[in-house]
Amino acid sequence: MTPPPSTGWTWALTVAVVVPFITVSGSILVAGLVNRFNTRKARLDDKAKSFAEALTTIEEYAEMPYRIRRRPNTENARHEVSADFGKIKARIQFHLAWLQIQAPDVHEAYKLLDEAARGQAGRQAREAWLQPPLTTDEQMNLGVSYPRDEIDRARNRCLAAMLRSLNREKDARKLPISGPVPRDRSGLGE
């Protein structure tokens, strides 16, 4: 005699319910992890781009002595160069504020970079304004570069702080960082 067929729960029903549940749960978990990874990567990419923009603004400031020396000899050109200088300084202030809010671990290093740029390039800009405007193509090649050792030292320290903030400590350790970054604000220029 064979037992009557069971109308209760069987292993086949258990497997039929559990396997789709595990599959759906696993898919949701993987999708969540991928989303979290992509979100984190996007945040780091945005942060890196903002850091690059902040460094570019300092580089524009450091280039101003060259722009001043090569300015045309017109009143309009003097106003334009001066206005550009003001816009660059405003963007530096924006980056200082942004870093203080979004990357406080980098703010101090960027502030020191700003001070080094204002000190070294600022003095050079003041001296450049005292020079007569260049009038020939031959004069456009100044023959010598303005020194930027203070700016470069501070830039490397700032870049190292930025790399650490992006979880790239290994890259930060590769940067040459030597010598003090001057903190004398008395020579800050334009």
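The structure this text deals with has already been given above.
## Points about the overall build of the chain
Looking only at helices and strands, the chain features six helices and zero strands. Starting at the N terminus, the α and β elements of the chain follow one another as α-α-α-α-α-α. Within the chain, the proportion of its 190 residues that are buried is 33%. Taking all contacts inside the chain whose residues are at least 6 apart in sequence as the whole, residues at least 24 apart take part in 78%. Of the roughly 12,300 Å² that the chain leaves accessible, carbon and sulfur atoms contribute 59%.

## Examining helix H3 (residues 104–130)
The end-to-end C-alpha distance of H3, which contains 27 residues, comes to 38 Å, matching closely the 39 Å that a straight helix rising 1.5 Å per residue would cover. Considering bend angle alone, the principal kink of H3 is centred on Gly 122 and spans about 30 degrees.

## Comments concerning the nonpolar core
For soluble globular proteins, the rule of thumb is that nonpolar side chains tend to be buried together. Counting residues in hydrophobic clusters, the biggest one holds 32 residues, and the most contacted among them are Tyr 110, Leu 113 and Met 162. If you list the elements that add at least two residues to this core, you get helix H1 (11–69), helix H2 (75–102), H3 and helix H5 (149–165).

## Details of the environment of Ala 48
Mapped onto the secondary structure, Ala 48 falls in helix H1. What makes Ala 48 partly exposed here is its relative accessible area of 30%.

## Considering the packing of aromatic side chains
Taken as a whole and assessed by the stated rule, the structure comprises three aromatic pairs. Between the aromatic rings of Phe 51 and Trp 98, the centroid separation amounts to 6.3 Å while the plane-to-plane angle is 85 degrees, which identifies the pairing as edge-to-face. With Phe 51 in helix H1 and Trp 98 in helix H2, this residue pair connects regions lying 47 residues apart in the sequence. Given a relative accessible area of 2%, Phe 51 falls into the buried group.

## Points about the packing of H2 against H3
Packing of H2 against H3 brings their axes to within 8 Å, and their N-to-C directions diverge by 165 degrees. The orientation of H2 relative to H3 falls into the category roughly antiparallel. Where H2 crosses over H3, the two elements pack in a sense that is left-handed. Residue classes in the contact of H2 with H3 are distributed as 11 nonpolar, six polar and five charged.

## Notes on the environment of Leu 142
Mapped onto the elements of the fold, Leu 142 is located in the loop between helix H4 (137–140) and H5. Placed 73 residues apart in sequence, Leu 142 and Arg 69 show a C-alpha to C-alpha distance of 8.6 Å. When sequence neighbours within four positions are dropped, the list of residues in contact with Leu 142 reads Tyr 66, Arg 69, Arg 70 and Leu 134.

## Digging into the pattern of salt bridges
Using the criterion set out here, one finds eight salt bridges in the structure. Residue Arg 148 pairs with Glu 59 through a salt bridge whose shortest N-O separation is 2.9 Å. With Arg 148 in the loop between H4 and H5 and Glu 59 in helix H1, the pair connects residues that are 89 residues apart, well separated along the chain. For Arg 148, a relative accessible area of 22% corresponds to the partly exposed category.

## Remarks on H2
One full turn of an α-helix is made of 3.6 residues, so residues set three or four places apart face in the same direction. Compared with the 40 Å implied by 1.5 Å per residue over 28 residues, the 40 Å span of H2 between its first and last C-alpha is a close match. Among all positions of H2, only Ala 77, Val 81, Asp 84, Phe 85, Ile 88, Ile 92, His 95, Leu 96 and Leu 99 are buried.

## A few points about a nonpolar patch on the surface
A contiguous nonpolar surface patch, about 630 Å² in accessible area, is contributed by Trp 9, Leu 13, Val 17, Val 18, Phe 21 and Ile 22. Given the relative accessible area of 36%, Val 18 is considered partly exposed.

## Remarks on the side chain of Glu 150
Positionally, Glu 150 belongs in helix H5. Engagement of the side chain of Glu 150 in a polar contact is seen with the side chain of Arg 123, the distance being 3.4 Å.

About the criteria used
- Residues numbered from 1 in each chain as written.
- Predicted model: local features only at pLDDT ≥ 70, side-chain atom pairs only at ≥ 80, totals over all residues.
- Heavy atoms only, no water.
- Helix = DSSP H or I, 4+ residues; strand = E, 2+ residues; numbered from the N terminus.
- Buried < 20%, exposed > 50% of the residue type's maximum accessible area, 1.4 Å probe, protein only.
- Contact = heavy atoms within 4.5 Å.
- Areas by Shrake-Rupley, 256 points an atom, 1.4 Å probe, with all protein chains shown as cover.
- Expected span 1.5 Å × (residues − 1).
- Bend = angle between axes of the 7 residues up to and from the residue.
- Core = buried A, V, L, I, M, F, W, Y, C linked by side-chain atoms within 4.5 Å.
- Phe/Tyr/Trp six-rings, centres within 6.5 Å; stacked < 30°, edge-to-face > 60°.
- Axes fitted to C-alpha atoms, helices over the stretch in contact; angles between N-to-C directions.
- Parallel < 35°, antiparallel > 145°, perpendicular 65-115°, else oblique.
- Left-handed = near helix turned anticlockwise from the far one by under 90°.
- Nonpolar A, V, L, I, M, F, W, Y, C, P; charged D, E, K, R; others polar.
- Salt bridge = Lys/Arg side-chain N within 4 Å of Asp/Glu carboxyl O.
- Patch = residues over 30% accessible without salt bridge, like charges linked within 9 Å, V, L, I, M, F, W, Y side chains within 5 Å.
- Polar contact = N/O pair within 3.5 Å; in protein donor to acceptor, adjacent residues only side chain to side chain.

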